[in-house]
Amino acid sequence: MFTLRATPLLGTYRGHRPDATPETIPSVARLHAALLCAAGFGPRAVAGEDGWVPCEADEAALRWVEENPPTEMRIPQLRVSRQDAVAYRNDGTIGPVGGARGIRTLAKHESVTAVDGPFTWTWREPPPEPVAEALRALCPDVPHLGTAECPVTMEAAEDDPEPTHVLDREAMPFSGGPGTMLDVPAPGRLDELVEAHRLRRTGRLGSDRAGSSERSASPVPPRGAVRPAMYRPAGRTVAEVPWPEVLLVPLDRRIHERDRVRWCVAAHKALIKMLDAAAPPLLTGVYPDPGTRPANRLALQILDRDVPARLPAGARSALAVLLPPAAPSELELIYRAVAALRNLTVGRRRGEAGEHARQARVSGAVEVVHGDALWLEPAPGTVRVWRSDPPAVPDTRGQRGWTFTHAALLSLGFVWQGSGIARVHGRGAERDHALVDAVNAAGAVVLRTDPVRRSTVQHYAHHVHHDAVVRPYRVALGLGQLGGPCTVQAIGQSRHLGGGLLVPLDVAEGSPVPEHPW
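Residues numbered from 1 in each chain as written. Predicted model: local features only at pLDDT ≥ 70, side-chain atom pairs only at ≥ 80, totals over all residues. Heavy atoms only, no water.

Participant: Would you mind showing me how to read the pairing of strand β25 (residues 473-478) here?
Facilitator: The side chains of a regular strand alternate, first on one face of the sheet and then on the other. Counting buried positions over the 6 residues of β25 gives 6, a clear majority of the element. Judged by which residues are buried, β25 turns out to be covered on both faces: Tyr473, Val475 and Leu477 on one side and Arg474, Ala476 and Gly478 on the other are all buried. Two elements, strand β23 (residues 382-388) and β25, share 2 bridges in a ladder whose sense is antiparallel. Its bridge partner lying in β25, Arg387 is registered against Ala476. The pairing of strand β24 (residues 445-451) with β25 spans 6 bridges and is classified as antiparallel. Each bridged residue has a counterpart across the sheet, and for Asp450 the counterpart in β25 is Arg474. (Buried < 20%, exposed > 50% of the residue type's maximum accessible area, 1.4 Å probe, protein only. Helix = DSSP H or I, 4+ residues; strand = E, 2+ residues; numbered from the N terminus. Pairing = 2+ DSSP bridges.)

Structure, rendered in structure tokens:
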């Protein structure tokens, strides 16, 4: 057992991926680079032909890390800030500012990660003692991880921190499943970075004087000897929820509530187009007859960055691809199609101008989370209830005397039938009443409903029978035993394409639910 531990001194971490999108977790490749920096510029460096270089012992230790990625990681609780910057500081270089020469300010940072504890990287099989000794000696010389404004203290230990993630050696980029894909150094990474540094050192003394314009951005390091590796959550099992797995696709723009069904329909069409004839029933919703249709198929929802969820860092919103239980072969197709998404395009509406109104770009890597862990935990002293955002649409025309309360309970019954509630039989009114009774027995309760009184109800339903009347409504409800406090759920006729998402609404204990919580 051998562990490297990095403790952020300011309780924050900030880094960037090669595509300039924010990085939430320091990768193993970044750890390797920080150790190399300490070896090449710290007190253990030795003189080489072109300047200071790592000593022989440190070089051997870094090559060992390339051959042996950590088998376990402990990732502390994280909270990613997505607020825009309100103040800027100088970066110390000269450039055009307001039409004259001036001091540049740092680029606008929209994201920083608050960290509740240290990051650890653990090897179950400890390294040879000379390697361990070199790594122990390098740790105190690592000043920061990520950007220079994130100082850390590093240490080596032989203790056994409880891992949160375990390396999956068999996983590939399209393997899917909850986990965190991180860059790890491959053999040759040390030589690659040393050579890139040598090529950068081509100036002469005095050649770095301030000119009319300077750029502070360093070039992106080469990545020829970097490979992805999957770290799976440790000790987690697949929860029995309607959608056990969620793929989060970061988008570079926010999408208004009234447009979410439209954008989700566009994403649905894009995925089907990519898979063409190979598109599985899980995606198309077209199942062979005769056969038993599952309660839920793949669902697409838009998550705004203001909701209490961990969206990919820097995302202004995210397309959430909700996956129900399905055969691995079907899920594999979905993983590949989602990973290939680069942008979404919708048709123009009256009054919309510009391409930006019609396009959203995928702004980073897809992240995968458990369906029972999408939302953040409720704050202490609060009670979690739920509100629909966007509005839901009843699944059926209902029964005589039914209200939106019955419609909401029936929709919950459709979502949970066959898993979270007692199995019901019959058809029509008999089935509907049985589903409502089953949902009531599970403790679900409707707190408030409010019909949407607009003429543009088509915003909340993607497909409706020509004889049906679309009646969108908002609802606040408690879910009882139907899922946990962090489980993703959606209800209603458009739950598979952008409608009826249930978003947490935390209310102080002893306080009533607000009259208009939407």
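Participant: Explanation requested: the packing of aromatic side chains in the structure shown.
Facilitator: Aromatic rings in a pair are described by how distant their centres are and how their planes are angled relative to each other. What the rule picks out here adds up to 5 aromatic pairs. Their ring planes at 45° and their centres at 6.2 Å tell us that Phe2 and Trp123 sit as a pair that is tilted. On the criterion of sequence distance, the pair formed by Phe2 in strand β1 (residues 2-8) and Trp123 in strand β12 (residues 119-123) is long-range, its members being 121 residues apart. The class for Trp123 is buried, based on a relative accessible area of 2%. For the pair Trp64 and Trp123, a centre-to-centre distance of 5.7 Å together with 50° between the ring planes defines the contact as tilted. In this pair, Trp64 is assigned in helix α2 (residues 56-67) and Trp123 in strand β12, connecting sequence segments 59 residues apart. When sorted by exposure, Trp64 lands in the same class as Trp123, which is buried. Grouped by ring-pair contacts, the aromatic residues Phe2, Trp64 and Trp123 constitute a single cluster. (Phe/Tyr/Trp six-rings, centres within 6.5 Å; stacked < 30°, edge-to-face > 60°.)

Participant: In this structure, what is going on with helix α9 (residues 428-441)? I would like to understand it.
Facilitator: In an α-helix, one turn spans 3.6 residues, which is why side chains three or four residues apart end up on the same side. Between its first and last C-alpha, α9 extends 20 Å over 14 residues, near the 20 Å set by a 1.5 Å rise per residue. Among all positions in α9, only Asp432, Leu435, Val436, Ala438 and Val439 are buried. Take α9 and look down its axis: the buried residues cluster within an arc of 160°, on one side only. Exposed positions of α9 whose direction lies more than 90 degrees from the buried face are Glu430 and Ala441. Where the residues of α9 are buried, they touch α8 (404-416). Trailing α9 by a residue or two, Gly443 shows a phi angle of about 95°, which is positive. (Expected span 1.5 Å × (residues − 1). Arc of directions from axis to C-beta. Contact = heavy atoms within 4.5 Å.)

Participant: Explain the packing of helix α1 (residues 28-41) against α2 here, please?
Facilitator: Relative placement of two packed helices is described by the angle separating their axes and the distance separating the axes. Orientation of α1 relative to α2, taken along the N-to-C sense of each, is 175°, at an axis distance of 10 Å. By the angle between their axes, α1 is roughly antiparallel relative to α2. Residues His32, Leu35, Leu36 and Ala39 of α1 pack against Asp58, Leu62, Val65 and Glu66 of α2. When the residues that make up the contact of α1 with α2 are grouped by side-chain class, the tally is 5 nonpolar, 1 polar and 2 charged. (Axes fitted to C-alpha atoms, helices over the stretch in contact; angles between N-to-C directions. Parallel < 35°, antiparallel > 145°, perpendicular 65-115°, else oblique. Nonpolar A, V, L, I, M, F, W, Y, C, P; charged D, E, K, R; others polar.)

Participant: I keep staring at the sheet that holds strand β19 (residues 317-323) and nothing clicks. Help me out?
Facilitator: Strand pairs in the sheet, formed through backbone hydrogen bonds, run parallel or antiparallel to each other. Taking strand neighbours across the sheet as the criterion, the 4 strands line up as β18-β19-β17-β22 in an open arrangement whose pairing is antiparallel. Two strands lie at the open edges of the sheet, namely β18 (299-304) and β22 (367-370), each paired on one side alone. Taken over all neighbouring pairs, the strand axes of this sheet differ in orientation by 30° on average, direction set aside. Pairing of strand β17 (residues 245-251) with β19 involves 7 bridges; the strand directions are antiparallel. Bridge assignment links Leu247 to a residue of β19, and that residue is Val321. Strands in contact with helix α5 (residues 260-275) are β18 and β19; relative to β18, the strand with the most contacts, it is inclined by about 130°. Against the sheet, helix α7 (residues 328-339) touches β17 and β19, its axis set at about 170° to β19.

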